[in-house]
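Secondary and tertiary structure notes
Single-letter residue listing:
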Protein chains: 2
Amino acid sequence: MIITHQELHRFISDVFEKKGMSHEHAVICADVLSFADLRGIDSHGVARLSGYLRLIDSGRINVNPNIKFERRKKTQIRVNADGAIGLVSAHLAMQECINITHDYGTAWAGIYNSNHFGVAAHHAIQGFSHNFIGFAMTNASPLVVPANGVERMLGTNPICVAIPGKNGKSFILDMATSTAANGKLEIAQRQKKEIPNGWAVDALGNSSTDPHVLGQKGALLPLGSDAEHGFHKGYGLSAWVDIFSAVLPGASWGPWAPPFVSFLQPKAEAPGKGLGHFVGCWDMEGFNDVSEIHDQLDDWMTRFKASSPLENHEVLIPGEPEARIQASRIENGIPIVEEVWRDLMNISVELNVTLK
Amino acid sequence: MIITHQELHRFISDVFEKKGMSHEHAVICADVLSFADLRGIDSHGVARLSGYLRLIDSGRINVNPNIKFERRKKTQIRVNADGAIGLVSAHLAMQECINITHDYGTAWAGIYNSNHFGVAAHHAIQGFSHNFIGFAMTNASPLVVPANGVERMLGTNPICVAIPGKNGKSFILDMATSTAANGKLEIAQRQKKEIPNGWAVDALGNSSTDPHVLGQKGALLPLGSDAEHGFHKGYGLSAWVDIFSAVLPGASWGPWAPPFVSFLQPKAEAPGKGLGHFVGCWDMEGFNDVSEIHDQLDDWMTRFKASSPLENHEVLIPGEPEARIQASRIENGIPIVEEVWRDLMNISVELNVTLK
């Protein structure tokens, strides 16, 4: 099935409103999810809609949150999301950071008592029209071992840095800190293929090529994959994300990060509340004239694009593959896989929301 | 040879003073270099002293810089290092960030027209006594290929995040964004061993196990090592560092980043001035009460340390290996390899600076 991004946006927004969310919040959710689908990050788009709805039904997502912003320093806020969906709490926290950045040059928010925040890049690019560089991280359900460990202690904990360029040519790095994300294992499952060594380990910590290993108490490996190839660095990055997103504002960290799926209960005796995020921005103008930075950044991209590639390969700028998919999907619509489409049809019937 | 850190510090400081540096700047240099040796990061300590001196002799390091701080926004500064040694310019820029953070909660500096800044962690921990979280990056001589590329376009561009904990138990992530740093290839050369696949490529981009490959127009690989194991992520991180450190403030980026060794001239038609750094800090208190964060961070470390390890392994906290070496070397002194010691003896004789 192919759907236009406008129609997908309308559907998602209507669904969240039907579940009791305000129009304003529902539109934010639709913005973030349809953006992921437009950019080809299908694992973080409408494919997750039914998952969010189940979290609403189970009471873990609060559709009418009283989100509280505690301005602790001139450029720093602590945000109690009151159980909000992270799509909304991270967006509103970033909006507050943008407001503060106009006055001070930078601003930062630690958010706790939240839920899954979708694709990090949508929050990080939020200040692009003001030439603000964006930053976003979140902790996530524990699936990843520490370096030298065999226990699931960390999520795929993404880091996103988004630097606005001229003529819409921006630098958008949005990466999980594990070698491979969950979605890549699911693709291998569907294709009945083995996964490469270095992606995952079994319950004893041995490298595994079984794409079903996560269902057998296995775990993902941090970026770097093994000691020889620097997996202490991937672990360190993931740990940084966990501490900034959860330890600082008071969310549940490490193995206590709440699972995305509603059929798993969050672990007892959690050290904090809900998931946590960390977002913020810098005014580009604070480091040099924006026009000068834009020219340099454009030259930087041109030089990197022109550097010698491996045979039959191309050197890409972070965010470039997604920008290409976005251009194509704006024009040609968004393909939805059959399994997800059935999910959306069920939601459409159940909530009586039109889906064309 | 074994030397106490006090004696090493005194020697380094005296040497830089003899080269015409102010006492204040010479002491900063000695602080940063002896800190690296104390922490076991021998590649960034006194082993580099003769390299810095050659850069002074060749006129590329200015020992009497007029470092200019341009406060462009309340929390942002652009720093023209005037050719200073990076050990000093990054330190002074961070000091300015610390001063501003007392008033505003955060502050950030982009530094250009600078030189090699030593070990990133020393700059990042500078605000620890105020419970400020520190951040430091620098670009560096091009040695690393982009993902899918065969040309040296990036340095080993480190990222450092330092989070002060209680009782001196802090989180210090200080990592090169390449899979392996140069120093690891030099160790393999001395041991006449092959290096693992995934560290380096030859001039054509083929994986190489020759530890001498960098001398044969080869290059290092970004963290992740290959497409299957996510080297676009290591490339993305390294590119982020290059853009923040150099493109933003106006230093020379990518393949134009000036080489550390004085016998190589910086490339002509550089897009900016000198090397660049990016440093800054956040007041921990801006995200929650420091005592609460300290307790949570301590619990976080305890839980991670207690997580199940691989057989005969141990789960470590980022910065823990260095902290152990530091404790030992404060007590037992710093071992200096013969080659470096000869270097120091030559400097001692040439500049008439005592070395005990």
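Quick caveat: nothing in here was measured; it's all calculated off a predicted structure.

Some points on the overall build of chain A
The helix and strand inventory of chain A stands at ten helices and twelve strands. In terms of C-alpha radius of gyration, chain A reaches 20 Å, essentially the compact-globule figure of 21 Å for 356 residues. Looking at the 356 residues of chain A, the share that counts as buried comes to 58%. Of the contacts made within chain A by residues no fewer than 6 positions apart, 61% connect residues no fewer than 24 positions apart.

Quick notes on the domain arrangement of chain A
Residues and elements named next belong to chain A. Its domain assignment divides chain A into domain 1 (1-64 + 317-356) and domain 2 (70-179 + 221-306). A straight line from the C-alpha centre of domain 1 to that of domain 2 covers 21 Å. Counting residues at the interface gives 21 residues for domain 1 and 21 residues for domain 2. Counting only elements with at least two residues in the side of domain 1 that touches domain 2, the list comes to helix 2 (23-38) and helix 3 (49-57). With eight residues, the top contributor of residues to the side of domain 1 that touches domain 2 is helix 2. Considered class by class, the residues forming the side of domain 1 that touches domain 2 number twelve nonpolar, six polar and three charged.

Digging into the environment of Gly20 of chain A
Residues and elements named next belong to chain A. Along the chain, the position of Gly20 falls in the loop between helix 1 (5-18) and helix 2. On the neighbour-count criterion, Gly20 (12 C-beta atoms within 10 Å) is exposed. In contact with Gly20, other than residues within four places in its own chain, are Val63 and Asn64.

Things to note about the sheet that holds strand 5 (residues 132-138) of chain B
Residues and elements named next belong to chain B. Read from one edge to the other, the open sheet built from seven strands follows the order 2-3-4-11-5-6-7, with strand pairing classed as mixed. The strands lining the two open edges of the sheet, one partner per strand, are strand 2 (68-73) and strand 7 (171-175). Shown here is a sheet whose adjacent strand axes are inclined to one another by a mean of 15°, direction ignored. One ladder, built from seven bridges, connects strand 5 with strand 11 (residues 275-283); its direction is antiparallel. Across the sheet, residue Thr138 finds its bridge partner in strand 11, namely His277.

What about unusual backbone geometry?
Positive phi, normally seen in glycine, also occurs at Asn131 of chain A, with a value near 60°. In this structure Asn131 of chain A comes out as partly exposed when scored by C-beta crowding, with 19 C-beta atoms within 10 Å.

Quick look at the interface of chain B and chain A
Each partner contributes residues to the interface: chain B has 67 residues there, and chain A has 67 residues. Among the secondary structure elements, those contributing two or more residues to the side of chain B that touches chain A are strand 2, strand 3 (76-80), strand 4 (106-114), strand 6 (159-163), strand 7, helix 7 (231-247), strand 11 and helix 8 (290-305) of chain B. Broken down by element, the residue count for the side of chain B that touches chain A peaks at seven residues, all from helix 8 of chain B. In the side of chain B that touches chain A, the residues fall into 32 nonpolar, 23 polar and twelve charged.

What to know about helix 4 (residues 86-104) of chain B
Residue and element names in this part refer to chain B. With 19 residues, helix 4 extends 26 Å from end C-alpha to end C-alpha; this agrees with the ideal 27 Å at 1.5 Å per step. Counting buried residues in helix 4 gives 14 out of 19 residues, a clear majority hidden from the surface. In the stretch just after helix 4, Gly105 is the one whose phi turns positive, near 100°.

Notes on the sheet that holds strand 2 (residues 68-73) of chain A
Pairing in this open sheet of seven strands is mixed, and the strands run 2-3-4-11-5-6-7 (chain A) from one edge to the other. The open sheet has two edge strands with one neighbour each: strand 2 and strand 7 (171-175) of chain A. Going across the sheet, the axis of each strand differs from the next one's by a mean of 15°, ignoring polarity. Note that strand 2 of chain A and strand 3 (residues 76-80) of chain A share five bridges and pair antiparallel. Within strand 3 of chain A, the position partnered with Phe69 of chain A by the bridge is Val79 of chain A. Contacting strand 6 (159-163) and strand 7 of chain A, helix 7 of chain B crosses the sheet at an angle of about 135° to strand 7 of chain A.

With respect to the pairing of strand 3 of chain A
Residue and element names in this part refer to chain A. Counting buried residues in strand 3 gives five out of five residues, a clear majority hidden from the surface. Taking every second residue as pointing to the same face, both faces of strand 3 are buried, with Gln76, Arg78 and Asn80 on one and Ile77 and Val79 on the other. Here strand 3 runs beside strand 4 (residues 106-114); their pairing, made up of five bridges, is parallel. Bridged to Val79 within strand 4 is Ile111. Read from strand 3 through helix 4 (residues 86-104) to strand 4, the crossover connection turns out right-handed.

Quick look at the environment of Leu92 of chain B
Looking at where Leu92 of chain B falls in the secondary structure, it is placed in helix 4. For the pair Leu92 of chain B and Gln191 of chain B, spaced 99 residues apart in sequence, the C-alpha separation works out to 39 Å.

A word on the confidence of the model for chain A
For chain A, the average pLDDT comes to 97, and 100% of its residues sit at 70 or higher. Across the whole predicted complex the pTM is 0.98, and at the interface the ipTM reaches 0.98.

Digging into the relation of the copies chain B and chain A
Relating one copy of the chain to the other takes a rotation about an axis and a shift parallel to that axis. Turning chain B through 180° and shifting it by 0.0 Å along the axis lays it on chain A, with an RMSD of 0.0 Å. Read as a symmetry element, the transformation amounts to a two-fold axis. Proximity to the rotation axis, assessed at the C-alpha, singles out Gly224 of chain B in chain B; its C-alpha lies 2.5 Å from the axis.

Structural notes on the environment of Leu310 of chain B
Among the secondary structure elements, Leu310 of chain B is positioned in the loop between helix 8 and helix 9 (320-332). Accessibility expressed as a C-beta count within 10 Å gives 17 for Leu310 of chain B, which makes it partly exposed. A C-alpha to C-alpha distance of 51 Å links Leu310 of chain B and Ser22 of chain B, two positions 288 residues apart in sequence. Aside from chain neighbours lying at most four places away, what touches Leu310 of chain B is Asn148, Gly149, Val150 and Gly205 of chain A.

What counts as what
Residues numbered from 1 in each chain as written. Chains lettered and ligands numbered in written order. Predicted model: local features only at pLDDT ≥ 70, side-chain atom pairs only at ≥ 80, totals over all residues. Helix = DSSP H or I, 4+ residues; strand = E, 2+ residues; numbered from the N terminus. Rg over C-alpha atoms; globule rule 2.2 N^0.38 Å. Buried ≥ 20, exposed ≤ 12 C-beta atoms within 10 Å, placed from the backbone. Contact = placed C-beta atoms within 7 Å. Domains from an automatic or database assignment. Nonpolar A, V, L, I, M, F, W, Y, C, P; charged D, E, K, R; others polar. Pairing = 2+ DSSP bridges. Axes fitted to C-alpha atoms, helices over the stretch in contact; angles between N-to-C directions. Expected span 1.5 Å × (residues − 1). Right-handed = clockwise from strand over helix to strand, strands pointing away. pLDDT = per-residue confidence, 0-100. Least-squares fit on C-alpha atoms with pLDDT ≥ 70 in both.

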